[in-house]
Amino acid sequence: QVQLVESGGGLVQAADSLRLSCAASGRTFSNVAMGWFRQAPGKEREFVAAINWSSPSTLYADSVKGRFTISRDNAKNTVYLQMNSLKPEDTAVYYCAARPGGFGVSWRRNAYEYWGLGTQVTVSS
């Protein structure tokens, strides 16, 4: 079993920055890919970024490339999402997800087995 807890969301203005954290517990993470997804009101949950736990392989949605950076701290079992140059369209609940089994990063929502409860990010114009 894996537990994921997101934090760091909040209300910011356009062009501001935020850093989200996802603390993972419950198993070893040497073969786990971690992803960030987001869901805006009335929209489907969409992929944001993903990272392998044991390699520097990353993947980003086109909408966040160049603005968001995903990283990890293996010693703390924590994954981060640094969000810069935020836009109102980035407003959503952001979810952390885990994909065990050594399959690598994926943009597919159904590739991830474990999910956190989410943290709200609101960007005002």
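Residues numbered from 1 in each chain as written. Predicted model: local features only at pLDDT ≥ 70, side-chain atom pairs only at ≥ 80, totals over all residues. Heavy atoms only, no water.

S.K.: Got a sec to walk through the sheet that holds strand β1 (residues 3–7)? Specific residues and values, please.
M.R.: If you walk across this open sheet you meet the four strands as β1-β3-β8-β7, and the pairing is antiparallel. The open sheet terminates on both sides in strands that have one partner only, identified here as β1 and β7 (68–73). Averaged over all neighbouring strand pairs, the angle between strand axes comes to 15°, with direction disregarded. Of the pairings in the sheet, the one linking β7 to strand β8 (residues 78–83) comprises six bridges and is antiparallel in character. Residue pairing for β8: Thr69 is matched across the bridge by Gln82. (Pairing = 2+ DSSP bridges. Helix = DSSP H or I, 4+ residues; strand = E, 2+ residues; numbered from the N terminus. Axes fitted to C-alpha atoms, helices over the stretch in contact; angles between N-to-C directions.)

S.K.: Just give me the short version of the state of the cysteines, but keep the residues and values in it.
M.R.: Using the criterion set out here, one finds one disulfide in the structure. A sulfur-sulfur distance of 2.0 Å marks the disulfide that ties Cys22 to Cys96. Taking the sign of the S-S torsion, -75° for the link of Cys22 and Cys96, the bridge is left-handed. With Cys22 in strand β3 (residues 18–25) and Cys96 in strand β9 (residues 92–99), this residue pair connects regions lying 74 residues apart in the sequence. Like Cys96, Cys22 is buried. (Disulfide = S-S within 2.5 Å. Buried < 20%, exposed > 50% of the residue type's maximum accessible area, 1.4 Å probe, protein only.)

S.K.: Outline the pattern of salt bridges, listing residues and values.
M.R.: Following the criterion strictly, the structure yields four salt bridges and no others. Notably, a salt bridge pairs Arg38 with Asp90, separated by 2.9 Å at the nearest N-O pair. Of this pair, Arg38 sits in strand β4 (residues 33–39) while Asp90 sits in the loop between β8 and β9, and the two are 52 residues apart along the sequence. Judged by its relative accessible area of 6%, Arg38 is buried. The exposure class assigned to Asp90 is buried, which follows from its relative accessible area of 0%. Connected through shared salt-bridge partners, Arg38, Glu46, Arg67 and Asp90 make up one network. (Salt bridge = Lys/Arg side-chain N within 4 Å of Asp/Glu carboxyl O.)

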